[in-house]
Amino acid sequence: MTIRSFFFILSLFLLSACSIFRQTAGVPIDTRAETLIDEGKRLMQAGKYADALDAFEMARDRAFHRNTTVALYLAGLAAYEAGYDDVALQRFEILERLYPRSRYLEDANYHRALISLRNWRLGTRFEGLDQLIWLAEDARSPRLRTDAQAQAQLTLFEDLPLEELQQYYERPEVDHRGMVLEALAYRLMQAGRLDEADLLWQAFLAEGQAPTPFLEELFSEVEAPAPDPVRFEPNILRLAVVLPLFAQSAAYGRRDVIPANSLRGLEFYEGLQMAVAEQEGQMGNKQVYVQVFDSQRDTAQVRAFFSVLDSVQPHVIVGDIYNSESRVLSDWARQHKVPQMVPISPSEELVEGEQYVFLAHPSAETHGRKMAEYAWYQLFLQHVCVFSDRSSGTEPLAEGFIEAFSDLGGTIDTFFLSTNYEDVAIEQIPDFVDEVPDHLGNVGVYIPLMSNEESAGLIVNLLKQRNKEVVVMGSPHFRSRYNTIDRDTKDSFGLLFSSSHMVDPTEPAYRMVYDHYLETYGLPPSENVIQGYDLGRYLLHVLNSYDPAMGGSLDTYLRVAPTFEGLHLNYRFKSSQSNQQVNIGQYTPEGIIIVEK
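Given the structure is predicted, the values throughout are model-derived calculations rather than measurements.

A. Summary view of the packing of helix α24 (residues 508-521) against helix α25 (residues 527-545). Between α24 and α25, whose axes approach to 12 Å, the crossing angle comes to 120°. Accordingly, the angle class assigned to the pair α24 and α25 is oblique. In this structure, α24 meets α25 at a crossing whose hand is right-handed. On α25, the residues that touch Tyr-510, Met-512, Val-513 and Tyr-517 of α24 are Val-529, Ile-530 and Tyr-533. In the contact of α24 with α25, the residues fall into seven nonpolar, no polar and no charged.

B. Focus on helix α5 (residues 68-82). Helix length check: α5 (15 residues) gives 21 Å between terminal C-alpha atoms against 21 Å at 1.5 Å per residue, within 8%. Of the residues trailing α5, Gly-83 is marked for its positive phi of about 90°.

C. Just the sheet that holds strand β7 (residues 411-416), in detail. Judged by pairing direction, the sheet is mixed, and its seven strands sit side by side in the order β7-β6-β8-β9-β10-β11-β12 without closing on themselves. Only two strands of the sheet have a single partner each, and these edge strands are β7 and β12 (591-596). The sheet shows a mean angle of 25° between the axes of neighbouring strands, direction not considered. Strand direction decides the pairing type here: strand β10 (residues 496-499) and strand β11 (residues 583-588), joined by four bridges, are antiparallel. Note on β11: the bridge partner recorded for Leu-496 is Gln-586. Strands β8 (443-447), β9 (471-474), β10, β11 and β12 of the sheet are contacted by helix α18 (residues 364-377), whose axis makes an angle of about 140° with β10. Running over the sheet, helix α21 (residues 453-465) touches β6 (383-388), β8 and β9 and is turned about 160° from β8.

D. Broad picture of the pattern of salt bridges. Following the criterion strictly, the structure yields 16 salt bridges and no others. Measuring nitrogen to oxygen at the nearest pair gives 2.5 Å for the salt bridge that ties Arg-118 to Asp-85. Of this pair, Arg-118 sits in the loop between α7 (105-117) and α8 (122-138) while Asp-85 sits in helix α6 (residues 85-98), and the two are 33 residues apart along the sequence. Arg-118 gets classed as partly exposed once you look at its relative accessible area, which sits at 45%. Among the charged side chains, a network of salt bridges with common partners joins Asp-331, Arg-334 and Glu-354.

Thresholds, definitions, all that
- Residues numbered from 1 in each chain as written.
- Predicted model: local features only at pLDDT ≥ 70, side-chain atom pairs only at ≥ 80, totals over all residues.
- Heavy atoms only, no water.
- Axes fitted to C-alpha atoms, helices over the stretch in contact; angles between N-to-C directions.
- Helix = DSSP H or I, 4+ residues; strand = E, 2+ residues; numbered from the N terminus.
- Parallel < 35°, antiparallel > 145°, perpendicular 65-115°, else oblique.
- Left-handed = near helix turned anticlockwise from the far one by under 90°.
- Contact = heavy atoms within 4.5 Å.
- Nonpolar A, V, L, I, M, F, W, Y, C, P; charged D, E, K, R; others polar.
- Expected span 1.5 Å × (residues − 1).
- Pairing = 2+ DSSP bridges.
- Salt bridge = Lys/Arg side-chain N within 4 Å of Asp/Glu carboxyl O.
- Buried < 20%, exposed > 50% of the residue type's maximum accessible area, 1.4 Å probe, protein only.

This is the structure in C-alpha cells:
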C-alpha cells in the first residue's frame, strides 16, 4: 500500500457522522453497506486487497445510499493496490461519469495518473504525468497537492528516461514549464551537457516564464563552458560549401548541356548565394564569407581541402555525405568542433555518433513519426494497417510510424510483402487488403513503399474497388513517382503523403524568389534552388542570432533554436540532429494542398 493510500484510508475512519450528514442530507442510510465498507477498510489495512475489493463492490452494488461514492472510489483503490489496473480504471471512470462533483474524484484521478505512468505507451505515460502536475498545482486538497508533487518530481527526476523527458518538455502543450525544466536542466547538467541546459534556461527566460527558486539557485552555481572565442570575430560570418559541382567538366556557359551530376549541386549553390545576397543586406554591418569547394564525389579531393578549411575556420560547413568514405568531412568537423549541415540526404545513420553532423532534411524515421502524429492528433485514427516490403528505403518509414503510433495508444497491423519475388508480393496483396478493417473513419492505411510502385498502386486501387472507407497515407514518393495510381483515386481518398519539399506558389516570398531567379537565369527555380535558398537563409539566421556570450556552443544552439520557417520546409531540430519538421500534403480535386507544415 502506498503512503498516499494509507493516509487516505485512515482519514476515512476519522470522518465525523455530523460532517457526513450535512453533505448527504436526504440520502438514504444503508447499514449493511456501512458494515461492508468497514470490513473492506480492515482488509485493506491487512494488505488483503482482493478481499477488500469484493467487500467494496458489494457495498457499491446496493441501491444508491449515502456511501455509494465512497464504496466506488475504495473499490477502485483496492483494485489498484491489487494490481488490477483495468478494474481500477473502470471504477474511477464510473465515478467521474456518474458523480462528477464527488469529493473523491481528485483522489481517483491521482491513482489514474499512477496507472498511466506504468503504461507501456509513451503517450499514455505523458498523460499521466500531465495529470500529476496539474494536481500538484491545482488540487483542492493540500495533502493531495503534496503527494502529487512528490510523485511528479520522482517521475521527472528519476524514473523518466532523459530522452523522454526532453520530448515531454518540448511539447507545445506542456503546462507548468518551470517544474519540468527543473528536472530537465538538473539531469542535463548531471550528464555533462551544461551548454544545453543553459540554452534551455535562456530560452525559458526569453519566453517570459517566471523562474523558480530551484532554477535560480541551480544556474547561479553552474557555468556552462564557453566556446572557443577565436572562431567568432565581431560582424563576420563564414560558411564553407562542399558540393559535387564537377566544375572542370561542366559547360557553364551553356546551361542546356551541363551534366546532370553537376546541375543539382550548381542549382543548390545558386539558391544559397541568392539567400546570402538577400540576407547580408538585412544584417547591418555584418559580412558573410562563402568559400566553395568542388568535392567531385572524390574522397581524395575532399582531403585536399582540409588545409584550406584549417585557415578559413568556417562557422558551419554545408556538405553532403554520399558514401562511407566521404565521412572524412565529418571527421574534420568533429575534430574542429564545426557543425556540418547535410543539405539533402535523409539517412539518420549519418548522424549516429557524430555530434557535429546535422540533417537539414528530416530523416525517413522522422517522416514516419510525423505522419503517425498527424494520424493520431489530426485525423483521430485509432487503428492503422501498415504495408511494408522491408526494403532499405521502406523500413525506416514503417518503423518510425509504428513506434510513434503505438506509443500514442493506437493499434497497428503490419502486412509484410515479399520483395524477392514481385509476383509473390502481388499475390499477397488482395488477401492483405481484405484483412483491412473498415470502421467508419477510425481506420487508416499507411503505405511507406519507396520504390515498389506496382505494389503501392495495387493496394490503393483494391481499397477503392472494395469500398474500404479508410484514410490512406503514403511515403514522400506518392507525389513524385506513383503514376500507377490514377489522379481520381488519389483525390477520392484525399490521399496524404509526407514530403520534404512543398511550396505554396501563391506565397509572396516564393514569388519573389521565383521572379528573381527567372530574371537572372531565364529559368524557373527548381527544387534544388529552393532548398539551397532556404538552407542559406536558415544558417545565416542562426549565425546572426547566436551569441557566444550565452555560454553554449553553436552545435548546441542549432539543436534548441526556435523554429525557422522556410519556403519549402521549416527547420527545427528539437534537441536532435535531424530536422523534425515534415510537410503533410494531400490530393484534392482542386490540386495538391499542404495540410500541415
